[in-house]
Amino acid sequence: MGGLSGNIHSRREFFVGALRYAALGLLCAGAALLAVKRRWLKRQGICVNNGLCRGCRILEQCRLPLALEAKRSSSRTDNG
Ligand code: SF4
């Protein structure tokens, strides 16, 4: 009694759980790939933010010409 519906129910739970963990795994893999790509671009001296220095998270550490110019013009603006 109820064995078949119990099997279907537990099979469904198994697949839902498997899909959930697969989605989580894909999300983690995507985040790791983005981090690796960003680090690789930075090491190659390639901009990681399409040249949008204002608001870029790594502006303070960035040594690319665009960033140096942005910092220079920002300090000029700050000093008047
Ligand atoms: S600070 Fe500017 S040049 Fe450096 S990665 Fe960010 S956007 Fe690119």
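About the cut-offs
Residues numbered from 1 in each chain as written. Predicted model: local features only at pLDDT ≥ 70, side-chain atom pairs only at ≥ 80, totals over all residues. Helix = DSSP H or I, 4+ residues; strand = E, 2+ residues; numbered from the N terminus. Rg over C-alpha atoms; globule rule 2.2 N^0.38 Å. Buried ≥ 20, exposed ≤ 12 C-beta atoms within 10 Å, placed from the backbone. Near = placed C-beta within 6 Å. Nonpolar A, V, L, I, M, F, W, Y, C, P; charged D, E, K, R; others polar.

Asks: Mind showing me how you'd approach the overall build of the protein here?
Replies: Secondary structure assignment for the protein yields two helices and zero strands. Rg of the C-alpha trace for the protein: 24 Å, well past the compact-globule value of 12 Å for 80 residues, more than 25% over. With the C-alpha coordinates aligned to their principal axes, the bounding extent of the protein is approximately 85 × 30 × 15 Å. Within the span of the protein, comprising 80 residues, buried residues form 2% of the whole.

Asks: Is there a simple way to explain the site of the ligand in this structure?
Replies: Among the 13 residues in the neighbourhood of the ligand, the closest are listed as Cys47, Asn49, Cys53, Cys56 and Cys62. Taken together, the residues that form the shell around the ligand break down as eleven nonpolar, two polar and no charged.

Asks: Help me out: how do you make sense of unusual backbone geometry in this one?
Replies: Note: most peptide bonds trans; most residues except glycine with negative phi. For Asn50, which is not glycine, the phi dihedral falls at a positive 55 degrees. Relative to the assigned elements, Asn50 resides in the loop between α1 (3–44) and α2 (65–79).

Asks: I would appreciate a short explanation of the environment of Ser74 in the present structure.
Replies: For Ser74, the location among the structural elements is in helix α2. Considering only alpha carbons, one finds Ser74 and Gly30, 44 residues apart in sequence, at a separation of 34 Å.

Asks: What is the right way to look at the environment of Val36 in this model?
Replies: Structurally, Val36 is set in helix α1. Sequence separation between Val36 and Tyr21 is 15 residues, and the spatial gap between their C-alpha atoms is 22 Å.

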